[in-house]
Amino acid sequence: MARYGMLIDLTKCAGCMACTVSCQFQNELPPEVHFIKFYQQEYGTFPDVSLVNIPVQCQHCENPPCVYNCPTGASYIAEGGVVLIDESKCIGCKYCMTSCPYNARVLNEETHTPMKCIFCFDHIQEGEQPMCVQTCLGGARVFGDLDDPESELNKQINEKKARPLRPDLGTKPKIFYVW
Amino acid sequence: MLQEKISRRTFLKATALAAGALSVGAVGTFSFETWKKAEAEKKDDIRVIPTLCTGCGNFCGLNVYVKNGRVWRAVGLPQHPKSKGKICARGHGLLATPYLRQRLTQPLKRTEDGNFQPISWEQAFREIGEKLQEIRKKYGPGVIAHISYAGQKTAVWYGQRLLWALGSPNTFTHAASCYAGRGVGFEHTVGGTPGTDIANARYMVYIGRNLAEGITPGDVLELAKAREKGAQIVLVDPRVNNMYQMATKWVPIRPGTDLAFVLALAHVLIKEGLYDAAFVQEYGYGFEQFAQAVEKYTPQWAEEITGVPAATIQEVARGLGKNKPRAFIHPGWHGATGTQYANSVDAARAIALVNALLGNYQKEGGLIFGKTPPLGNLNPAKYPAPEKPAIPRVDSEWPLAHDVVTAVPDKIRDGALKAIIVNRSNPVMHYNNPLYAREAYKLLELLVVVDIFMSETAELAHYVLPEVSYLERDDLVEGVGGKKPIVAMRQQAIGKIHPETKASWEIYTGIAEAAGVGKYFNFTLDEVNQAMLAPTGLSLNELKAKGTIVLNSPIVLGTPKFNTPTGKVEFYSTEFKAAGLDPIPNWKPPLVMPDVSKGEFRLINGRQAYHSHTNTTRNPYLLVLTEDYHGDRLWINRRVAERMGLKEGDWVEVRSEVATGRVQVHLTEAIHPEAVFIYAPYGSLAKNNPGRNFAFSFMTLLPYHKLDPAAGIALTQEVIVTLRKI
């Protein structure tokens, strides 16, 4: 069984948000609901300035606080290590939202239950790449099996010394970033 | 803002109902097991239709997925050179277009009191046809004009045919507020605007060109590849744009002084012997005069004007020179070379010439003139073709430009234009000083607007004719030149949403018949497309099956051909000379300069990654990004703003000589202290545009300039503003 993960190479990211919007259509989300959010950082003073745009979504952590804090078991780890939500078990308490250090969950205003990136779970089962990976203009996103040492994902993680956004939080995210 | 939110929610519910079984936001909350069970029980009917995007002028190839009759998602076509398998945020967001509530659904006629009254197509065609005949009889055919978006081939082709049939040569595109400066500069220097071989370049300079926000997806992908291979990417821009993340260097420049920077690059390349002397010898015309002229443009001279240290200019020149011919300055698009400054045309010429100094034309990693695909035309024996009218165009005082749409308001005021047909363009809003333009357009005896939304121009029209959206129609076959030319076409992906809407080609045919020139329109769109495809040997069905087809005839690199009067790179321009203009792109300052001591700024603008034009601000998916990321704020240098007592998000009044606007400020170190920056598409004045409530349009603050004599460009950054906290 695969253990799905992703790499986002910020040196190839145009900050264009094509991933954000393509994800909405793929998942038939309303305009206000974004599974992928961008955070912008600015460093330095004019004229020595740099900017970085960081796309953030559910990190599909190995130790997901959202799953551990869910009182009903609605948040769970599915096949391939993908973190999912079983809506039928969700009571809308939002503990998972507050416990996510990546602020990756959003509320569905129709059902009052949380939603988030599911790594396009239904589609990757059929061999498709997640939509954000398919559409990424710079080819900044690589998706694959972390357990396969030959995968492009592992190759790039090692070559580019990619690391999670906040390894110090101990949640062991499966999305790795390159600066 | 709350009001906006509510209306978008309502929009969604309305469209969800219309779609029947659409489950808004359901997938993300189902467990896989639940989903699998549900899916097993119901079989979705999913069809994939290859077509073309309409988000900007690139018209990327895309596969549209239609699920149960409704547009679901899209992915880029890998074989289309603009998309290379990728689609930007706009391309995805615009998939909602057919379902937007603001769409026009039936022909409208303006009544005496300024309101609109629905009418039948028969009445619309009859009355427009009669009016056109009456105007032609009264004033002659030269008072009729057509305005369309340049990329929209169907409107351009049918619009020109209709105008020619009526006897008028006056067809306009939006070029003069977009890329006309670059076009005129390159055309009269090297014979045309070449493409860029980004993936193979080792040193690239982008001056006011921002691939990450004025996006061509395939170019962004190539840029990432080049960067991975170690290419140097230099951004020359008054602000840090989104390309920064992929670049190696940002060179902040005083806005409006790019020409000085480029002339100094030429100076260093020649002075230090870094240029390709053999190339210049073989392909150059008038190099000696140019070399003599740039003698005085030293890096120290340019430092004074541009604010860029002389050492940086030397470094960039040497970077280009040492990596030639796998090095280039990007020709630009809308920025420094496009339509923004009084010296933009000369900046374009200077850039074309520095590239010639690098000997990079038709070389790997350089600038490449693509091959144009062979496209045919209707057989005139069977389909009578109108002759090009012999009477002069109304904008014939610009001998070097192709069309000067920016001159239209004055041509109307002068009485030279009486009737205008507008298709997929919004000339009242998209050029300088919309209020000036609006008053002019009101003087027309006939204004017909073909659109899918009620634009600012449509609000003034005598007749508004509702078109089907891009996902509901076929369009004309288009050819895209390049290393390997392609043919592509937009085709219908879904059924018509509103029964009383029509495709452009049907509208032109209807008007032509009613205006008494129907004999020139005795064919269907399919027949034109078959005729256009004939020389390629492809059938229409083949093209429809694939959407985009690469023609297997790659160009041979190495020997460039320059389509100029001398057949050479014109360091000394014979055509500029003939037009009474400076044959050498010598330094010329911009039209206006802010006096910083008086608190003045230059108002600069640019493209945003998730919007194109005012029309995209109607899209709920894209507009919500503006809201969430404060994409409509005015950038101002942090230290300058703090001296003025401004904080992030404060409201200010921005005042120019012609108007004022209200906007929130964004404090940042990433902008030149003499400029304030706003993204271009906001501040719509159209009554039903949700983007109306966001920021202001820089166009409203822009004076209606005396246009530049070479290209008639809009001079969209020749405006000085002051700010006042409110």
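Since this is a predicted model, take the numbers as computed values, not measurements.

1. A word on the overall build of chain A
Okay, step 1: In terms of helices and strands, chain A carries six helices and nine strands.
Okay, step 2: Its C-alpha atoms give chain A a radius of gyration of 16 Å, near enough to 16 Å, the size a compact globule of 179 residues would have.
Okay, step 3: Relative to its 179 residues, chain A shows a buried fraction of 65%.
Okay, step 4: Long-range pairs, those at least 24 residues apart, make up 56% of the contacts in chain A with a sequence separation of at least 6.
Okay, step 5: Chain A carries 15 positive and 21 negative side-chain charges, and their two centres are separated by 7 Å.

2. Things to note about the packing of helix α8 (residues 258–271) of chain B against helix α12 (residues 310–323) of chain B
All names here are of chain B.
Okay, step 1: One way to put it is that α8 packs onto α12 with a least axis distance of 9 Å and a crossing angle of 60°. Classified by the angle between their axes, α8 and α12 sit oblique to one another. Seen along the crossing, α8 lies across α12 with a hand that is right-handed. Each of Phe261, Ala264, Leu265, Val268 and Leu269 in α8 lies in contact with α12, whose residues at this interface are Ile313, Gln314, Val316, Ala317, Leu320 and Gly321.
Okay, step 2: Looking at the contact of α8 with α12 residue by residue, the class counts come to nine nonpolar, two polar and no charged.

3. Remarks on the sheet that holds strand β20 (residues 548–550) of chain B
All names here are of chain B.
Okay, step 1: Judged by pairing direction, the sheet is antiparallel, and its three strands sit side by side in the order β18-β19-β20 without closing on themselves. With one partner strand each, in any of the chains shown, β18 (478–480) and β20 form the two edges of the open sheet. Within this sheet the neighbouring strands show an average axis-to-axis angle of 20°, counted without direction.

4. Thoughts on the domain arrangement of chain B
All names here are of chain B.
Okay, step 1: Per the domain assignment, the segments making up chain B are domain 1 (108–174 + 374–465 + 500–550), domain 2 (191–370 + 568–579) and domain 3 (596–704).
Okay, step 2: Placing a centre on the C-alpha atoms of domain 1 and another on those of domain 3 gives a separation of 33 Å.
Okay, step 3: Contacts between domain 1 and domain 3 engage 20 residues on the former and 17 residues on the latter.
Okay, step 4: Counting the surface lost from both domain 1 and domain 3, the interface buries some 1500 Å², and carbon and sulfur atoms represent 58% of this.
Okay, step 5: Our enumeration of links across domain 1 and domain 3 arrives at one salt bridge.
Okay, step 6: Close ionic contact of glutamate 459 with lysine 687 constitutes a salt bridge, the shortest N to O distance being 4.0 Å.
Okay, step 7: For the pair domain 1 and domain 3, the interface holds ten residue pairs in polar contact (both at pLDDT 80 or more).
Okay, step 8: Of all elements in the fold, only α15 (408–413), α16 (434–441) and α17 (456–460) reach the threshold of two or more residues within the side of domain 1 that touches domain 3.

5. Details of the pairing of strand β2 (residues 61–67) of chain B
All names here are of chain B.
Okay, step 1: Burial of β2 is extensive: seven of the seven residues sit out of reach of the surface.
Okay, step 2: Pairing between strand β1 (residues 46–52) and β2: seven bridges, direction antiparallel. Note on β2: the bridge partner recorded for threonine 51 is leucine 62.
Okay, step 3: Bridge analysis of β2 against strand β3 (residues 70–76) gives six bridges, and the strand direction is antiparallel. Directly across from asparagine 63, in β3, lies its bridge partner valine 75.

6. A word on unusual backbone geometry
Okay, step 1: With an omega of 0°, the peptide bond between Phe46(A) and Pro47(A) qualifies as cis.
Okay, step 2: Relative to the helices and strands, Pro47(A) resides in the loop between β2 (37–45) and β3 (48–56).
Okay, step 3: The omega torsion across Lys324(B) and Pro325(B) is 0°, close enough to zero to call that bond cis.
Okay, step 4: Its location among the elements puts Pro325(B) in the loop between α12 and β13 (327–329).
Okay, step 5: In the Ramachandran plot, Phe119(A) falls in the positive-phi region, its phi being about 55° despite a non-glycine side chain.
Okay, step 6: Mapped onto the elements of the fold, Phe119(A) is located in the loop between β7 (113–115) and α4 (121–124).

7. Here's the deal with the UniProt feature "domain: 4Fe-4S Mo/W bis-MGD-type" (unreviewed entry) in chain B
Okay, step 1: Residues annotated in UniProt with the feature "domain: 4Fe-4S Mo/W bis-MGD-type" (unreviewed entry) correspond here to residues 46–102 of chain B.
Okay, step 2: For the annotated span residues 46–102 of chain B, helix accounts for 9% and strand for 37% of the residues, and the straight-line distance between the end C-alpha atoms is 27 Å.

8. Examining the pattern of salt bridges
Okay, step 1: For the coordinates displayed, the defined rule picks out 40 salt bridges over all chains.
Okay, step 2: With a closest N to O distance of 2.9 Å, Asp147(A) and Arg3(A) form a salt bridge. Linking Asp147(A) in the loop between β8 (141–145) and α6 (152–159) with Arg3(A) in the segment before β1 (4–9), this pair joins segments that are 144 residues apart in sequence.
Okay, step 3: The class of Arg3(A) is partly exposed, set by a relative accessible area of 26%.
Okay, step 4: A salt bridge links Glu228(B) to Lys160(A); its shortest N-O distance comes to 2.8 Å. With Glu228(B) in helix α7 (residues 217–228) and Lys160(A) in the loop between α6 and β9 (175–178), this residue pair bridges two chains.
Okay, step 5: The partly exposed category is assigned to Glu228(B), whose relative accessible area is 47%.

9. Things to note about the packing of α8(B) against helix α11 (residues 299–306) of chain B
Working note: a packed helix pair is described by the angle between its axes plus the distance between those axes.
All names here are of chain B.
Okay, step 1: Packing of α8 against α11 brings their axes to within 9 Å, and their N-to-C directions diverge by 170°. One finds that α8 runs roughly antiparallel with respect to α11. Each of Ala260, Phe261, Ala264, His267 and Val268 in α8 lies in contact with α11, whose residues at this interface are Pro299, Trp301, Ala302, Ile305 and Thr306.
Okay, step 2: Residues belonging to the contact of α8 with α11 are distributed by class as follows: eight nonpolar, two polar and no charged.

10. Quick notes on the interface of chain A and chain B
Okay, step 1: Listed per partner, the contact involves 65 residues of chain A and 63 residues of chain B.
Okay, step 2: Of the roughly 5400 Å² buried where chain A meets chain B, counting both sides, 58% is carbon and sulfur surface.
Okay, step 3: Three residues, Phe25(A), Glu28(A) and Phe46(A), lead the burial of chain A against chain B; their summed loss comes to 15% of the area buried on that side.
Okay, step 4: Here chain A is connected to chain B by four salt bridges.
Okay, step 5: Note that Lys12(A) is salt-bridged to Glu228(B), the shortest N-O span being 3.3 Å.
Okay, step 6: In terms of residues, the side of chain A that touches chain B owes the most to one element, helix α1 (residues 18–26) of chain A, which gives seven residues.
Okay, step 7: Within the side of chain A that touches chain B, the residues separate by chemical class into 30 nonpolar, 21 polar and 14 charged.

11. With respect to the sheet that holds strand β10 (residues 232–236) of chain B
Each strand in a sheet pairs with another by means of backbone hydrogen bonds, the pair being arranged parallel or else antiparallel.
All names here are of chain B.
Okay, step 1: The four strands are arranged β11-β10-β9-β13 in an open sheet whose pairing can be described as parallel. The open sheet terminates on both sides in strands that have one partner only, identified here as β11 (249–251) and β13. When strand polarity is set aside, the average angle formed by the axes of neighbouring strands in this sheet is 15°.
Okay, step 2: Here β10 pairs with β11 via three bridges, running parallel. By the bridge assignment for β11, leucine 235 is matched with tryptophan 250.

12. Structural notes on the packing of aromatic side chains
Each aromatic ring pair is summarised here by two numbers: the centre-to-centre distance and the angle between the ring planes.
All names here are of chain B.
Okay, step 1: Throughout the structure, instances matching the rule amount to 32 aromatic pairs over all chains.
Okay, step 2: Consider the rings of phenylalanine 369 and phenylalanine 562, whose centres lie 6.2 Å apart with planes at 85°: the pair is edge-to-face. With a gap of 193 residues between them, phenylalanine 369 in the loop between β14 (367–368) and α15 and phenylalanine 562 in the loop between β20 and β21 (569–570) connect regions that are remote in the sequence. As far as the burial class goes, phenylalanine 369 and phenylalanine 562 line up, both buried.
Okay, step 3: Taken together, the ring pairs in this structure connect Trp157, Tyr158, Tyr383, Tyr508, Phe521 and Phe523 into an aromatic cluster.
Okay, step 4: The positively charged end of arginine 239 is found above the aromatic ring belonging to phenylalanine 677, 3.9 Å away from the centroid.
Okay, step 5: In this structure, lysine 502 is placed above the aromatic ring of tryptophan 121, and the distance from its NZ or CZ to the ring centre is 5.2 Å.

13. Looking at the nonpolar core
All names here are of chain B.
Okay, step 1: Ranked by size, the top nonpolar core spans 163 residues in total, and within it Met204, Tyr206, Phe261 and Tyr361 carry the most contacts.
Okay, step 2: Looking at this core element by element, the count peaks at eleven residues for α8.
Okay, step 3: For this core, the two domains that each supply at least three residues are domain 2 (191–370 + 568–579) and domain 3 (596–704).
Okay, step 4: Formed by 48 residues, the second largest nonpolar core is a distinct cluster that contains Ala155, Trp157, Tyr520 and Ala531.

Parameters and conventions
- Going along each chain's sequence as written, the residues are numbered from 1 onward.
- Chains carry letters from A onward and ligands carry numbers from 1 onward, assigned in written order.
- Note on the predicted model: pLDDT of at least 70 is required for a residue's local features to be given, and 80 or more for side-chain atom pairs to be given and counted; whole-chain, interface and lining totals, by contrast, use all residues.
- With hydrogens and water excluded, all non-hydrogen atoms of the structure serve as input to the side-chain values.
- In DSSP terms, a helix is any run of H or I states spanning at least four residues, a strand is any run of E spanning at least two, and both are numbered starting from the N terminus.
- To get the radius of gyration, use the C-alpha atoms; to get the globule rule, take the number of residues to the power 0.38 and multiply by 2.2 Å.
- Categorising residues by exposure relies on relative accessible area from a 1.4 Å probe, with only protein chains included: less than 20% of the type maximum marks a residue as buried, more than 50% marks it as exposed, and the intermediate range marks it as partly exposed.
- In what follows, residue pairs with any heavy atoms lying within 4.5 Å of each other are defined as contacts.
- Positive: Lys, Arg. Negative: Asp, Glu. His and the chain ends are not part of the count.
- For the purpose of locating charges, the reference atoms are NZ of Lys, CZ of Arg, CG of Asp and CD of Glu.
- Here an angle of 0 to 180 degrees is reported between the N-to-C directions of two axes, which are lines fitted to C-alpha atoms, with helices fitted over the stretch in contact.
- To sort the angles, those under 35 degrees are grouped as roughly parallel, those over 145 as roughly antiparallel, those from 65 to 115 as roughly perpendicular, and the leftovers as oblique.
- Crossings are sorted by hand: turned counterclockwise from the far helix by less than a right angle, the near helix makes the crossing left-handed, and turned clockwise it makes it right-handed.
- Basically, the charged four are Asp, Glu, Lys and Arg, the nonpolar ten are Ala, Val, Leu, Ile, Met, Phe, Trp, Tyr, Cys and Pro, and anything else, Gly included, counts as polar.
- Only strands that DSSP links by at least two bridges are regarded as paired with each other.
- Each domain's extent was defined by an automatic or database domain assignment.
- We define buried area as the total accessible area lost by two parts upon association, computed with a 1.4 Å probe and summed across both.
- Just to be clear on terms, a salt bridge is a Lys or Arg side-chain nitrogen sitting within 4 Å of an Asp or Glu carboxyl oxygen.
- Pairs of N or O atoms within 3.5 Å make up the polar contacts considered here, provided that, within protein, one atom can donate a hydrogen while the other can accept it, and that residues adjacent in sequence are counted only when both atoms are side-chain atoms.
- UniProt positions are given in the numbering used here, feature names are shortened, and annotations may be inferred rather than shown by experiment.
- Working definition: a ring pair exists when centres of Phe, Tyr or Trp rings (six-membered ring for Trp) sit within 6.5 Å. Plane angles under 30 degrees give stacked, over 60 give edge-to-face, the rest tilted.
- Both a distance and an angle decide whether a charge sits over a ring: NZ of Lys or CZ of Arg must be within 6 Å of the ring centre and within 35 degrees of the ring normal.
- Nine residue types can take part in a nonpolar core, namely buried Ala, Val, Leu, Ile, Met, Phe, Trp, Tyr and Cys, and a core is a set of them joined through side-chain atoms within 4.5 Å.

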